[in-house]
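Coordinates in review
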Amino acid sequence: NGAITKVLHNKGFDVIGLDASDEMLKKARENNPGLEFRKADATDFRLEKPVDLIFSNAVFHWIDRQKHPLMLKCVYDALNFGGEFVFEFGGRGNARMIHTELAKVFAKHGYEYKTNYYFAGVGDYAPLVEQAGFTVRYAALFERPTELVGENGLEEWIRMFLQIPFSVIKDGAEADEIIAETVDELKSELYINGKWYADYMRIRMRAEKPLR
């Protein structure tokens, strides 16, 4: 929605925001008049002129594992020599408790739980980045428990981010039941001092396109 693009702009960067979603681009442009936002796919984009820095937050785990080399090539080609590539996304073990419990409840109801996320570890991802031509300067996988908004925070998180696994369930009432059972089972671990949390794991890296 352009929020981070605005933060970078306010810190003095000349920025271009990219997104494949018309809905998100509309929100970004409405919220940040005067900033430039373009429609583009992370795995297939080109810039007329290379830039010094490409930054991404919470995007790459949405991209199919097989398409990451394409995305990394696009980033490499869009950077100046000596330019930096800085990013963070859901890492190995991200929301493990939530996904594990949902898988159990799905199985109880006779369904297979499938997601399309790619949660990488440092050992998986750093080689991909270097195979694309970058030099990795920093890499970390770390826990980042994240507060969810509101009394129904976990339920709303599941409904927002896990639509693909639930697409196999045609009965809305049964889907509601599965969510309620999952939330109830996780309350002892993820409902802390009156607030819901997601058990996020994040992978963060800084890489450089080497000078010639």
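Whatever comes next refers back to the structure up there.
As a starting point, this report considers the structure included with it. Values in this document were obtained by computation on a predicted structure and should not be read as measured data. Here the residue index of a chain counts from 1 through its sequence in written order. Since the coordinates come from a predicted model, pLDDT governs what is reported: local features require at least 70, and pairs of side-chain atoms require 80 or more to be given and counted, while whole-chain, interface and lining totals use all residues. Heavy atoms from the whole structure form the basis of all side-chain values; hydrogens and water molecules are not counted.

Thoughts on the overall build of the protein
- Each helix corresponds to a stretch of at least 4 residues labelled H or I by DSSP, and each strand to a stretch of at least 2 residues labelled E; elements are numbered beginning at the N terminus. Each helix and strand in the protein was counted, giving 8 helices and 9 strands.
- Viewed in the frame of its principal axes, the protein has a C-alpha envelope of about 55 × 40 × 35 Å.
- Throughout, exposure labels follow a simple rule: accessible area from a 1.4 Å probe, protein chains only, divided by the maximum for the residue type, with under 20% read as buried, over 50% as exposed, and the rest as partly exposed. Within the protein, the proportion of its 212 residues that are buried is 39%.
- In the protein, once contacts between residues fewer than 6 apart in sequence are set aside, the share between residues at least 24 apart is 78%.
- The protein chains shown are the only cover counted for residues, whose accessible areas, like all others here, come from Shrake-Rupley with a 1.4 Å probe. As displayed, the protein offers around 12200 Å² of accessible surface, 50% of which is attributable to carbon and sulfur atoms. The criterion used for residue contact is that any of the two residues' heavy atoms lie within 4.5 Å.

Some words on the sheet that holds strand E9 (residues 201-208)
- Only when DSSP finds a minimum of two bridges between them are two strands counted as paired. In space, the 4 strands of this open sheet follow the order E3-E4-E9-E5, with mixed pairing throughout. Edge positions in the sheet fall to strand E3 (51-57) and strand E5 (135-143), since each has one partner strand and no second. Neighbour-to-neighbour, the strand axes of this sheet turn through a mean angle of 5°, independent of strand direction.
- Of the pairings in the sheet, the one linking E5 to E9 comprises 8 bridges and is antiparallel in character. Looking at the pairing, Leu141 lines up with Ile203 of E9.
- Angles here are taken between N-to-C directions and fall from 0 to 180 degrees, while the axes themselves are lines fitted to C-alpha atoms, restricted in helices to the stretch in contact. Where helix H3 (residues 68-78) meets the sheet, its contacts fall on E3 and strand E4 (79-90), and the angle it forms with E4 comes to roughly 145°.

Things to note about the environment of Glu189
- As for its placement among the helices and strands, Glu189 is situated in helix H8 (residues 172-190).
- In the structure, Glu189 is positioned 92 residues away from Met97 in sequence and 8.8 Å away in space, judged by C-alpha atoms.

Focus: the pattern of salt bridges
- The salt bridge criterion pairs a side-chain nitrogen of Lys or Arg with a carboxyl oxygen of Asp or Glu, the two atoms within 4 Å. Going through the model one piece at a time under the given rule, you end up with 18 salt bridges.
- Among the ionic pairs, Glu88 bridges to Arg204, the shortest N-O distance being 2.7 Å. Taken together, the positions of Glu88 in strand E4 and Arg204 in strand E9 put the pair 116 residues apart, joining distant regions of the chain.
- You can call Arg204 partly exposed: its relative accessible area is 34%.

Quick look at the packing of helix H6 (residues 153-161) against H8
- Where H6 contacts H8, the two axes come as close as 10 Å, and the packing angle between them is 135°. When the axes of H6 and H8 are compared, the pair comes out oblique. The two elements H6 and H8 cross, and the hand of that crossing is right-handed. Listed contacts from H8 to Leu154, Glu155, Ile158 and Arg159 of H6 are Asp176, Ile179, Thr182, Val183 and Leu186.
- When grouped by side-chain class, the residues that make up the contact of H6 with H8 number 5 nonpolar, 1 polar and 3 charged. Here roughly perpendicular refers to angles of 65 to 115 degrees, roughly parallel to angles under 35, roughly antiparallel to angles over 145, and oblique to all remaining angles. Each crossing gets its handedness from the near helix: less than a right angle anticlockwise from the far helix is left-handed, clockwise is right-handed. We call Asp, Glu, Lys and Arg charged. Ala, Val, Leu, Ile, Met, Phe, Trp, Tyr, Cys and Pro are nonpolar, and the rest, Gly among them, are polar.

Structural notes on the nonpolar core
- For the purposes of this section, nonpolar cores are sets of buried Ala, Val, Leu, Ile, Met, Phe, Trp, Tyr and Cys residues that join through side-chain atoms within 4.5 Å. Formed by 25 residues in total, the largest nonpolar core has its most connected members in Phe60, Met71, Val75, Phe85, Phe87, Tyr125 and Val129.
- When contributions to this core are tallied by element, the ones reaching two or more residues are H3, E4, helix H5 (122-131) and E9.
- Top element by residues in this core is H3. It accounts for 5 residues.
- Excluding residues that lie within four positions of it along the chain, Phe60 makes contacts with His68, Met71, Phe85, Phe87, Phe89 and Tyr125.
- Among the nonpolar cores identified, the runner-up in size contains 23 residues, and Leu102, Phe106, Leu154 and Tyr200 belong to it.

Section: the packing of H3 against H5
- Interaxial distance between H3 and H5 falls to 9 Å at its minimum, and their mutual angle equals 50°. Here H3 is positioned oblique relative to H5, judged by the angle of their axes. Considering how the two elements wind past one another, H3 and H5 form a crossing that is right-handed. The residues of H5 that touch H3, namely those facing His68, Met71 and Leu72, are Tyr125, Leu128 and Val129.
- Its residues assigned to classes, the contact of H3 with H5 shows 5 nonpolar, 1 polar and no charged.

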